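So you can see what is in the structure, the chains are spelled out below.
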Amino acid sequence: MITSGLLLAAGAGRRMGMPKALVREDDGTPWLTRSVQLLREGGCDRVVVVLGAGADEAEPLLDGLDGVSTVRSEDWSSGMGASLATGLAALDEADTEAALVHLVDLPDVTAEVVARVLATATSSQALARASYDGRPGHPVLIGRDHWPGVIASATGDQGARTYLASHEVTLVECGDLASGADVDRR
């Protein structure tokens, strides 16, 4: 089964003071490249990165990374929903059967978390997400059969939340591997 990582990195990061696609770890590693690498190391066949704010500065950070492409969300400022819809639409042109959606601002999520959630990818009907001590989080696995419904419901900063709330989702406990906490401030 072909699964693509879908990294959402389009936001302006207002509370962070800069686009999160441009944030770097203390050692200088960009969150963007770290996130792409963990998706690849965790088992994603390829990765599509959705950019928006700071896209011109972020794209060069991905140069030379195998199996990575970018797409720009023209409507990124309206919220994560637009980025998710843009990314799924870009994947719809490929032979991908499931998308593993991840956010760039989750610096403690590891390749082991990705691999654990990917293990549930058994068909194009798969729908699963990481949970941290019982609290749903990211990454989220969305089989191709769910993409039209997710795209239709993805508005504002809700992303796939409304769709996931109305469907049976397999929770994959990952609290032993990470906190899954997003970072909004330095």
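Above this text is the structure in question.
First, a word on what this report is: a plain description of the structure on this page. (Residues numbered from 1 in each chain as written. Predicted model: local features only at pLDDT ≥ 70, side-chain atom pairs only at ≥ 80, totals over all residues. Heavy atoms only, no water.)

### Brief notes about the overall build of the chain
Item 1. Secondary structure assignment for the chain yields six helices and seven strands.
Item 2. Ordered by position from the N terminus, the helices and strands of the chain form the series β-α-β-α-β-α-β-α-β-β-α-α-β.
Item 3. Its C-alpha atoms give the chain a radius of gyration of 15 Å, within 12% of the compact-globule value 16 Å for 186 residues.
Item 4. Seen through its C-alpha atoms, the chain measures out along the principal axes to roughly 35 × 35 × 30 Å.
Item 5. For the chain, the proportion of its 186 residues judged to be buried stands at 49%.
Item 6. Positive and negative charge centroids in the chain, built from 15 and 27 side chains respectively, lie 5 Å apart. (Helix = DSSP H or I, 4+ residues; strand = E, 2+ residues; numbered from the N terminus. Rg over C-alpha atoms; globule rule 2.2 N^0.38 Å. Buried < 20%, exposed > 50% of the residue type's maximum accessible area, 1.4 Å probe, protein only. Lys, Arg positive; Asp, Glu negative; His and termini not counted. Charge placed at Lys NZ, Arg CZ, Asp CG, Glu CD.)

### Focus: the sheet that holds strand β2 (residues 46-51)
Item 1. Reading across from one edge, β3-β2-β1-β4-β6-β5-β7 is the order of the seven strands in this open sheet, with mixed pairing throughout. Strands at the two margins of the open sheet, each flanked by one partner only, are β3 (68-72) and β7 (170-173). Across the sheet, the mean angle from the axis of one strand to that of its neighbour is 25 degrees, orientation sign disregarded.
Item 2. Bridge analysis of strand β4 (residues 98-103) against strand β6 (residues 135-143) gives four bridges, and the strand direction is antiparallel. Pairing of leucine 100 across the sheet is with leucine 141, part of β6.
Item 3. The sheet strands contacting helix α1 (residues 31-41) are β1 (3-9), β2, β3 and β4, and the helix crosses β2 at an angle near 150 degrees.
Item 4. Packed onto the sheet, helix α4 (residues 111-118) meets β1, β4, β5 (127-132), β6 and β7 and runs at close to 55 degrees relative to β6. (Pairing = 2+ DSSP bridges. Axes fitted to C-alpha atoms, helices over the stretch in contact; angles between N-to-C directions. Contact = heavy atoms within 4.5 Å.)

Function-wise, these values are silent; they only describe arrangement.
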